[in-house]
Amino acid sequence: MSDFQSQGGLIVERDGAVQVITLDRPAAGNTVDLPLSRALMLAAIACDRDDDVRAVLLRSNGRFFCAGGDIGQFGQAGDALPGQLLELTALLHSATARFARMNKPLVTAVQGFAAGAGLGLAIMGDIVIAGEAAAFTPAYAGIGLSPDAGATWLLPRLVGLRRAQQMMLLNTKLDAQAALAAGLVTEVVPDDRLQDHALAIAQRLAAGPTAAFARTR
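A brief report on the enclosed structure follows. (Residues numbered from 1 in each chain as written. Predicted model: local features only at pLDDT ≥ 70, side-chain atom pairs only at ≥ 80, totals over all residues. Heavy atoms only, no water.)

1. Some remarks on the nonpolar core
- In terms of nonpolar packing, the biggest core is built from 51 residues, with L10, I21, L40, F99, F136 and L184 touching the most fellow members.
- Broken down by element, the residue count for this core peaks at eight residues, all from helix α1 (residues 34-49).
- When near neighbours in sequence (up to four residues on either side) are disregarded, I21 contacts L10, I11, L40, A43, C47, V56, L57, L58, R59 and F99.
- In this structure, V18, A109, L194 and A198 belong to the second largest nonpolar core, which totals 15 residues. (Core = buried A, V, L, I, M, F, W, Y, C linked by side-chain atoms within 4.5 Å. Buried < 20%, exposed > 50% of the residue type's maximum accessible area, 1.4 Å probe, protein only. Helix = DSSP H or I, 4+ residues; strand = E, 2+ residues; numbered from the N terminus. Contact = heavy atoms within 4.5 Å.)

See below:
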């Protein structure tokens, strides 16, 4: 790894032609706060603009991939919460749009919970590798918020409209094998192999025909 950078709860480093982006707020379940959403946007822009980056791996440190928005921070915001949510979601949506439109493939490595915004971040990968202990849930209905991070666009296309409606409205939870069966993830691997396997997939993509991958995306 080289070109290590850490800011806003995000680690960005290069492994050959693979840009590795790691959510690094493990004590907070890698939940998304304003600094992390801003860091994700900047990382997405950098990946998109750097021609030396031929594939991107999004992963996380700790037990969870991403447990959604930082509810603790939201609770402390008081009257400022509506403005903070608008800023956070604008930054997050800018990041996810960049990741979705960049001319290089994206791999996501998912361990533990991917909930709320974490669900959208997890499933936006072109290749989604889940550890055996991974679990996926929208979580929005439980806190009275509508989905973000592209989940309402992605989920019906992956699992079908009826399953997506059920998941969103009833806050359905899928374990790794159920997510694989539903078409939510590409592959399930043992937890101790997750990171190495996901990086190997990203390296394989980085060695492939980038222009063709861009047109395919």
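2. Things to note about the packing of helix α6 (residues 151-159) against helix α7 (residues 161-170)
- Packing of α6 against α7 brings their axes to within 7 Å, and their N-to-C directions diverge by 130 degrees. On the basis of the axis angle, α6 is oblique to α7. In the packing of α6 onto α7, the handedness of the crossing is right-handed. Contact residues: α6 offers A151, T152, L155, P156 and V159, while α7 offers L161, R163, A164, M167 and M168. (Axes fitted to C-alpha atoms, helices over the stretch in contact; angles between N-to-C directions. Parallel < 35°, antiparallel > 145°, perpendicular 65-115°, else oblique. Left-handed = near helix turned anticlockwise from the far one by under 90°.)

3. Observations regarding the sheet that holds strand β8 (residues 135-137)
- Strand order in this open sheet of three strands is β6-β8-β9, and the pairing throughout is mixed. Every interior strand has two partners, whereas the edge strands, β6 (113-115) and β9 (174-175), have only one.
- Two elements, β8 and β9, share two bridges in a ladder whose sense is antiparallel. Bridged to A135 within β9 is D175. (Pairing = 2+ DSSP bridges.)

In short, shape yes, function no, at least from these values alone.
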